[in-house]
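Understanding the architecture of this molecule
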Amino acid sequence: MPVDPDRETWKPGMSWEDAIAEIAYLKELASEMGGPERIDRQHQGGRYTVRERIAKMADPGSFVEMGGLMGGPEYDDDGNIVGFTPGGYVMGLAELDGRPVAIGGDDFTISGGSPHNVHKIPHQFAQPLAITYGIPYVQLREGVGHSSRSDEESGQMALPQGDMWWQGVEMLTKVPVAAGIMGSVAGWPAAAALMSHFTVMVKGQSQIFPSGPPVVQRATGESLSKEELGGYRMHVYESGQVDNVAESEEDAFDQIRTFLSDVPSPGVSAGHTASCGCLTVSVP
């Protein structure tokens, strides 16, 4: 659903009914992700979108999204929204086989998962949720991380935020962490994906590296394909950075479920039948 240029945006003084309608409108805009053309491009490449992945991974109807309204709006002179870019990471609470998990993934249809004007990343909600309640964290990665457009606008090169790493390390000491590398992953999402107890790639579809082939060629003069640089043969069989290879995305989802079925959630009370609507946790 494209932005309606003739629609008046809610403003202070307007009714609460209008405010609720505005929230529903923005949620609908966010659900469109990068738009029909980019979604179609994702499908033509044989890949699901992040929302489709979460829907296929989680128990039906169990996903409760956080931050669905986070995005970069553009306004006209009258304060009406004329453009909206959703955040590039979809996350929330879900259930896998009746077990609560924090789950999230990159939206590759929006600037490769890195919209330069929206900073929406897992340590804002998904990771703290997993740590606080002692539930597994599942990350479905297909993103490029840093945006060069941000550098151009700020006038200087930025480094990854330091506060995102300590939380990932703490999470590894407290809860099960699983990652599916669903496509090309570079930059800080590549490092985040490997900070997992279990990591799986999709054969012929997934690659992971600090930087892609063009950067490597410029730095070293070597001309390598994405598969040669960071495909499953490199990381499952040579570097050992990735645990398993899957034949398809569905196979990757099944492998993650199998891994989680073999490990406990430290914070969930024994014998409890988990529900996203009423999560019972043990208190130290």
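Here, every reference points to the structure presented above.
Small disclaimer: the values here were computed from a predicted structure and weren't measured. (Residues numbered from 1 in each chain as written. Predicted model: local features only at pLDDT ≥ 70, side-chain atom pairs only at ≥ 80, totals over all residues. Heavy atoms only, no water.)

When its secondary structure is counted, the protein chain shows eleven helices and eleven strands. The 284 residues of the protein chain split such that 48% are buried. By element, 54% of the accessible surface of the protein chain is carried by carbon and sulfur atoms, the whole surface being about 14000 Å². (Helix = DSSP H or I, 4+ residues; strand = E, 2+ residues; numbered from the N terminus. Buried < 20%, exposed > 50% of the residue type's maximum accessible area, 1.4 Å probe, protein only. Areas by Shrake-Rupley, 256 points an atom, 1.4 Å probe, with all protein chains shown as cover.)

A few words now on the sheet that holds strand β11 (residues 244-246). Ordered in space as β1-β4-β5-β6-β7-β9-β11, the seven strands form an open sheet in which the pairing is mixed. The open sheet is flanked by β1 (64-66) and β11, the only strands paired with a single partner. On average, adjacent strands in this sheet sit at an angle of 25 degrees to one another, irrespective of strand direction. Examined bridge by bridge, strand β6 (residues 137-141) and strand β7 (residues 177-181) share five bridges and lie parallel to one another. Across the sheet, the residue bridging to Leu140 is Gly180, located in β7. (Pairing = 2+ DSSP bridges. Axes fitted to C-alpha atoms, helices over the stretch in contact; angles between N-to-C directions.)

For Arg53, the position within the fold is in helix α3 (residues 50-57). Residue class for Arg53 comes out buried when judged on its relative accessible area of 1%. Polar side-chain contacts of Arg53 include one of 2.9 Å to the side chain of Glu249. (Polar contact = N/O pair within 3.5 Å; in protein donor to acceptor, adjacent residues only side chain to side chain.)

Now for helix α11 (residues 249-261). Between its terminal C-alpha atoms α11 stretches 18 Å, which fits the 18 Å expected from 13 residues at 1.5 Å a residue. Three or more residues of α11 are buried, namely Glu249, Ala252, Phe253, Gln255, Ile256, Arg257, Phe259 and Leu260. (Expected span 1.5 Å × (residues − 1).)

With that settled, the discussion passes to empty space enclosed by the protein. The final tally for this structure, using the stated rule, is two cavities of 30 Å³ or more. When its volume is computed, the largest cavity comes out at roughly 110 Å³. In this structure, the largest cavity is lined by 13 residues; those nearest its centre are Gln127, Met164, Trp165, Trp188 and Ala192. Breaking the lining of the largest cavity down by element, the ones donating at least two residues are β6, α6 (163-174) and α7 (188-194). In terms of residue class, the lining of the largest cavity is built from nine nonpolar, four polar and no charged. What lines the second largest cavity is Ala30, Arg51, Gly68, Met70, Pro86, Gly87, Val90, Asp107 and Lys120. For the lining of the second largest cavity, a count of residues per class yields four nonpolar, two polar and three charged. (1 Å grid on protein atoms, 1.4 Å probe; cavity = no way out; pocket = protein on both sides within 12 Å on 5 of 7 lines; lining within 4 Å. Points joined across faces, edges and corners; volume = space filled by probe spheres on them. Nonpolar A, V, L, I, M, F, W, Y, C, P; charged D, E, K, R; others polar.)

The subject of this paragraph is the packing of α3 against α11. The contact between α3 and α11 brings their axes to 10 Å, and the two run at 50 degrees. Considering their axes alone, α3 and α11 lie oblique with respect to each other. Of the two possible hands of crossing, α3 and α11 adopt the one that is right-handed. Between α3, through Arg53, Lys56 and Met57, and α11, the contact on the second element is made entirely by Glu249, Phe253, Ile256 and Arg257. Taken together, the residues of the contact of α3 with α11 break down into three nonpolar, no polar and four charged. (Parallel < 35°, antiparallel > 145°, perpendicular 65-115°, else oblique. Left-handed = near helix turned anticlockwise from the far one by under 90°. Contact = heavy atoms within 4.5 Å.)

Turning to the pairing of strand β5 (residues 99-106), a few remarks are in order. Of all eight residues in β5, eight are buried; the element is thus mostly enclosed. Both faces of β5 are covered, namely the face carrying Arg99, Val101, Ile103 and Gly105 and the face carrying Pro100, Ala102, Gly104 and Asp106. Examined bridge by bridge, strand β4 (residues 89-96) and β5 share eight bridges and lie antiparallel to one another. Note that in β5 the partner of Leu93 across the bridge is Ala102. Hairpin geometry of β4 and β5 is characterised by an intervening segment of two residues between the two adjacent antiparallel strands and by a positive phi of about 55 degrees at Asp97. Direction of pairing for β5 relative to β6: parallel, over a ladder of four bridges. Counterpart to Gly104 in the pairing with β6 is Gln139.

What follows concerns the packing of aromatic side chains. According to the stated counting rule, one finds two aromatic pairs in the structure shown. A centroid spacing of 5.2 Å and a plane angle of 15 degrees characterise the contact between Phe198 and Phe259, whose relative ring orientation is stacked. Of this pair, Phe198 sits in strand β9 (residues 198-202) while Phe259 sits in helix α11, placing them 61 residues apart in sequence. Each ring, one from Tyr232 and one from Tyr237, has its centre 6.1 Å from the other, and the planes form 70 degrees; the classification is edge-to-face. Residue class for Tyr232 comes out buried when judged on its relative accessible area of 8%. (Phe/Tyr/Trp six-rings, centres within 6.5 Å; stacked < 30°, edge-to-face > 60°.)

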